Amino acid sequence: MINNVSPIREGLFSVDWQQDFREALKSLSDLENYFEESFPQIPYSVFIPRPYAFKIKNAGIDSPLGRQFLPAVEEHRPEGLIDPISDELFSKGKGIIHRYKNRILFTPTEVCPIQCRYCFRKNELLQNNDVFKNNLEVAVNYATFHPQVEEVILTGGDPLILANHKIEEILAAFSKVKTVKMIRFHTRTPVILPNRIDEELIDILKHFSQKLSILSLVIHTNHLSEWTPEFLLGLQKLRSTGLNLLSQSVLLKGVNDNWFDLKILFSSLVSNGVTPYYLHHPDPTKGAMHFMISREEGKSIYKKLKEESSGFLLPHYVIEQPNGAGKVLALKD
Ligand code: SF4
């Protein structure tokens, strides 16, 4: 309950990131009490750590932050796909998805630091099927017996929400597989719970950056207004580990569907040592169709961004092909 939280702490990340995680707003009534607004009942879960809720409240419920994280009546719309990128088709069970020849996805957790309303896995994660029921031993065996697998991508959920000892265990296990040269994290945690980037995690990342050919961390951020001073501090610490720091963003209607906001986001990433990697065209996801833009709109935004930006600021603008055939450049044809 908000009443149990000291006003001095409101808006500040605590020293203990797990405390912020435990005290998050987790229900519609939590949200309504906190924001002093009513929100529609939705068939999906809500989860916002309180320091981040404070930031969203200050930005306003119709801001790019509010639109990304607060429930909307449009989540009831029936159109869209349950599994828009066909994870199920490429699932080997136990949290392993093998879509591309030389790399596998492993989802060590279904938990996230926040619930993004546009999430392309929002229905899949609800289904509680075998796709995300992870087992590290099975995944390590899978990589061992598929020597074409050079890279393991840890996604979810969000792998950085795991405890340090668990992250260390996962990195240690995959780095023992001779043919695995690269490990990559996909994460939103440094933005939402920047206090999670603690010294112990930094030491673990430093260690495995030296051990592996390439250790990458791909930070998911869609708009500059998501950032905090604590996030920038976290980036500095992450840069000190020597890992390959990349970003991915999703083009979202009403959030960042204009070249100017994207230019500011990508140039700020580069200024802070992060290479913009992917700009994803939104996937046609059930419950998130209100974030869709057309391919034509997306292409026109990216073309203008390209005209207005130096080449090194530009991520690849990509779109998932139907039936899980993988990503292709969205600007083509
Ligand atoms: S952090 Fe990623 S996986 Fe989790 S809800 Fe947001 S978009 Fe989905």
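Residues numbered from 1 in each chain as written. Predicted model: local features only at pLDDT ≥ 70, side-chain atom pairs only at ≥ 80, totals over all residues. Heavy atoms only, no water.

## Observations concerning the sheet that holds strand β2 (residues 96-100)
Strands sit in the order β1-β2-β3-β4-β5-β6-β7-β8-β9-β10 across an open sheet of ten strands; the sheet is mixed. With one partner strand each, in any of the chains shown, β1 (91-93) and β10 (327-329) form the two edges of the open sheet. The average undirected angle you get between the axes of adjacent strands in this sheet is 25 degrees. In terms of strand pairing, strand β4 (residues 151-154) meets strand β5 (residues 182-187) through four bridges, oriented parallel. Paired with Glu151 across the strands is Met182, a residue of β5. (Pairing = 2+ DSSP bridges. Helix = DSSP H or I, 4+ residues; strand = E, 2+ residues; numbered from the N terminus. Axes fitted to C-alpha atoms, helices over the stretch in contact; angles between N-to-C directions.)

## What about the site of the ligand?
The ligand sits among Cys112, Ile114, Cys116, Cys119, Arg188 and His220. A class-by-class count of the residues in the shell around the ligand yields four nonpolar, one polar and one charged. (Near = heavy atom within 4 Å. Nonpolar A, V, L, I, M, F, W, Y, C, P; charged D, E, K, R; others polar.)

## A word on the pattern of salt bridges
Counted according to the given criterion, the structure contains 16 salt bridges. Here Arg77 and Glu79 are joined by a salt bridge, their closest N and O atoms 2.7 Å apart. A residue is classified by how much of its surface remains accessible, and Arg77, at 33% relative accessible area, is partly exposed. A salt bridge links Lys166 to Glu169; the nearest nitrogen and oxygen atoms lie 3.5 Å apart. Taken together, the positions of Lys166 and Glu169, both in helix α8 (residues 164-175) and three residues apart, correspond to about one turn of that helix. By relative accessible area, which is 29% here, Lys166 ends up partly exposed. Counted as one network, the salt bridges with shared partners bring together Glu75, Arg117 and Lys122. (Salt bridge = Lys/Arg side-chain N within 4 Å of Asp/Glu carboxyl O. Buried < 20%, exposed > 50% of the residue type's maximum accessible area, 1.4 Å probe, protein only.)

## With respect to the pairing of β4
Of the two faces of β4, the one holding Glu151 and Ile153 and the one holding Val152 and Leu154 are both buried throughout. Inspection of the sheet shows strand β3 (residues 103-106) paired to β4 by four bridges, in the parallel sense. Note that in β4 the partner of Ile104 across the bridge is Val152. With respect to chirality, the unit in which β4 leads through α8 into the neighbouring parallel β5 is right-handed. (Right-handed = clockwise from strand over helix to strand, strands pointing away.)

## Digging into the side chain of Ser63
Tracing the backbone through its elements, the reader meets Ser63 in the loop between α3 (50-59) and α4 (64-69). A residue is classified by how much of its surface remains accessible, and Ser63, at 10% relative accessible area, is buried. At a separation of 2.6 Å, a polar atom in the side chain of Ser63 contacts the main-chain carbonyl oxygen of Gly60. (Polar contact = N/O pair within 3.5 Å; in protein donor to acceptor, adjacent residues only side chain to side chain.)

## A word on unusual backbone geometry
A cis geometry characterises the amide bond from Gly156 onward to Gly157, with omega recorded as 15 degrees. Within the fold, Gly157 resides in the loop between β4 and α8. The backbone of Glu36 shows a phi angle near 55 degrees, a positive value even though the residue is not glycine. Along the polypeptide, Glu36 turns up in the loop between α2 (28-35) and α3. With a phi close to 55 degrees, Lys94 is a non-glycine residue in the positive phi region. Residue placement: Lys94 occurs in the loop between β1 and β2. Residue Lys94 is classed as partly exposed on the basis of its relative accessible area, which comes to 34%.

## A closer look at the packing of aromatic side chains
Tallied over the full model, the rule gives ten aromatic pairs. Ring geometry for Trp227 against Phe231: centres 5.0 Å apart, planes inclined by 65 degrees, an arrangement best described as edge-to-face. Given the relative accessible area of 1%, Phe231 is considered buried. Measuring from ring centre to ring centre gives 5.6 Å for Trp259 and Phe260, while their planes differ by 90 degrees; the resulting arrangement is edge-to-face. (Phe/Tyr/Trp six-rings, centres within 6.5 Å; stacked < 30°, edge-to-face > 60°.)

## What to know about the environment of Arg184
For Arg184, the position within the fold is in strand β5. Residue class for Arg184 comes out buried when judged on its relative accessible area of 7%. For the pair formed by Arg184 and Ile161, sequence separation is 23 residues and the distance between their alpha carbons is 15 Å. The residues contacting Arg184, other than those within four sequence positions of it, are Arg103, Glu151, Val152, Ile153, Leu154, Ser216, Val218 and Tyr277. Within the local environment of Arg184, its side chain forms a polar contact with the side chain of Glu151, the two groups lying 2.9 Å apart. (Contact = heavy atoms within 4.5 Å.)

## A closer look at the domain arrangement of the protein
The domain boundaries assigned to the protein delineate domain 1 (2-76) and domain 2 (87-329). Its largest share of buried area at the contact with domain 2, domain 1 owes to Trp17, Tyr44 and Gln68, together 29% of the area lost on that side. Connecting domain 1 to domain 2 are two salt bridges. Between Arg117 and Glu75 there is a salt bridge whose closest N-O contact spans 3.0 Å. On the surface where domain 1 and domain 2 come into contact, there are 17 residue pairs in polar contact (both at pLDDT 80 or more). By residue number, the principal contributor to the side of domain 1 that touches domain 2 is α4, which donates five residues. Class assignment for the residues of the side of domain 1 that touches domain 2 results in 17 nonpolar, three polar and six charged. (Domains from an automatic or database assignment. Buried area = accessible area lost by both parts, 1.4 Å probe.)

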